[in-house]
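Fold and contact review
For reference, the chains in residue letters:
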Amino acid sequence: MNAIKRNIPNSITCINILSGCLAIVCAFKADELLWGLPAYQWAFIFIAIGAVADFLDGFAARALGAYSDLGKELDSLCDLVTFGVAPAMIVFNLLSKYADTSWLAWATLLIPVSGALRLARFNIDTRQTTTFIGLPIPANAIFWIGYAALFMEGTSFIAQWACFLPILIVECWLMNSGVKMFSLKIKHFSFATHYPQILLVVAAIVCCFTMGVAGLLWLIIFYILLSIALCKG
């Protein structure tokens, strides 16, 4: 395999981490207008771009037969930035600016710590091929994007310590728990095989259409509950 072909998936993976870094930069500008949108919304967009790159690098690796240990490790490092650090910084900066108890923002640092542990466990766990054990870190990022959007829409009670800390602890625990969750990847179009993923896609459309970006929080809650119901044993 020539060097160019071998490194196409890794190049796509690097788009993931670049997007994550841009999301972090935007997160620190909080709600300042940036290119016509509040900066935190640009952070959402960059994380979404990172998620697309995260999907495409795996697709490219399968299509080209370009799997490598380097690619596996690079993917995890990029995921930690884009889906662990970036969403934590979005919530950190919004809580620092708007929450009544700004010290609570520092608790968001548990998100990337838990994400790092989750990715390290994933890399050495050979059981996680068709199902995940623990909440995948991209789903963690989607949850916190929904949380940030809900908070900025005026749902301030979720930033009170009595509400935020339990949410944070449960979310971080789920990433490193033994709870089985179905894979988000659809390898071929078959309702019989992939009906959980199809149901999730339908739920995503309904949540986002009815609630906007804030609906992503409820989408991940639905994903967790559906996984618990379907992935018993």
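Above: the structure in question.
Description of the structure in this document. (Residues numbered from 1 in each chain as written. Predicted model: local features only at pLDDT ≥ 70, side-chain atom pairs only at ≥ 80, totals over all residues. Heavy atoms only, no water.)

Attention shifts here to the overall build of the protein. Summing up its helical and strand segments, the protein has 8 helices and 4 strands in all. In summary, the protein has a C-alpha radius of gyration of 18 Å against a globular reference of 17 Å for 233 residues, a match within 12%. Counting only C-alpha atoms, the protein reaches 55 × 40 × 30 Å along its principal axes. For the protein, with 233 residues in total, the buried portion stands at 47%. Taking contacts inside the protein between residues at least 6 apart in sequence as the whole, the part at least 24 apart equals 71%. Taken as a whole, the protein presents about 11800 Å² of accessible surface, with 72% of it coming from carbon and sulfur. (Helix = DSSP H or I, 4+ residues; strand = E, 2+ residues; numbered from the N terminus. Rg over C-alpha atoms; globule rule 2.2 N^0.38 Å. Buried < 20%, exposed > 50% of the residue type's maximum accessible area, 1.4 Å probe, protein only. Contact = heavy atoms within 4.5 Å. Areas by Shrake-Rupley, 256 points an atom, 1.4 Å probe, with all protein chains shown as cover.)

This part is about unusual backbone geometry. A negative phi holds for most residues other than glycine; trans holds for most peptide bonds. Unusually for a residue other than glycine, Ala30 sits at a positive phi of about 50°. Tracing the backbone shows Ala30 in the loop between α1 (3-27) and β1 (33-34). Of note in the backbone geometry, Trp35 takes a positive phi value of approximately 55° without being a glycine. Of note, Trp35 is situated in the loop between β1 and β2 (37-38). For Trp35, a relative accessible area of 62% gives the class exposed.

This paragraph deals with helix α6 (residues 161-175). For α6, spanning 15 residues, the distance from its first C-alpha to its last is 21 Å, which sits close to the expected 21 Å at 1.5 Å a residue. Of all the positions in α6, only Phe164, Leu168, Glu171, Cys172, Leu174 and Met175 are classed as buried. Angular distribution of buried residues about the axis of α6 spans 155°; they occupy a single face of the element. Pointing more than 90 degrees away from the buried face of α6 are the exposed residues Ala162, Ile169 and Trp173. Along its buried surface, α6 packs onto α3 (69-98), α4 (110-124), β3 (131-133), α5 (137-152), β4 (180-182) and α8 (215-230). (Expected span 1.5 Å × (residues − 1). Arc of directions from axis to C-beta.)

Before going further, it helps to examine the packing of helix α2 (residues 39-64) against α5. Their axes nearest at 11 Å, the elements α2 and α5 cross at an angle of 160°. Judged by the inter-axis angle, α2 sits roughly antiparallel to α5. When the axes of α2 and α5 are compared, the crossing they make is left-handed. Contact with α2, carried on its side by Tyr40, Phe44, Ile47 and Asp54, involves Pro138, Ala141, Ile145, Ala148, Ala149 and Met152 of α5 and no other residues of that element. (Axes fitted to C-alpha atoms, helices over the stretch in contact; angles between N-to-C directions. Parallel < 35°, antiparallel > 145°, perpendicular 65-115°, else oblique. Left-handed = near helix turned anticlockwise from the far one by under 90°.)

So, about the state of the cysteines. Counted under the stated rule, the structure contains 0 disulfides. No disulfide involves Cys14; its nearest neighbouring cysteine sulfur is the one of Cys78, lying 5.7 Å away. There is no disulfide at Cys21, and the cysteine sulfur nearest it, in Cys78, is 8.6 Å away. On the basis of relative accessibility, which here comes to 39%, the residue Cys21 falls in the partly exposed class. (Disulfide = S-S within 2.5 Å.)

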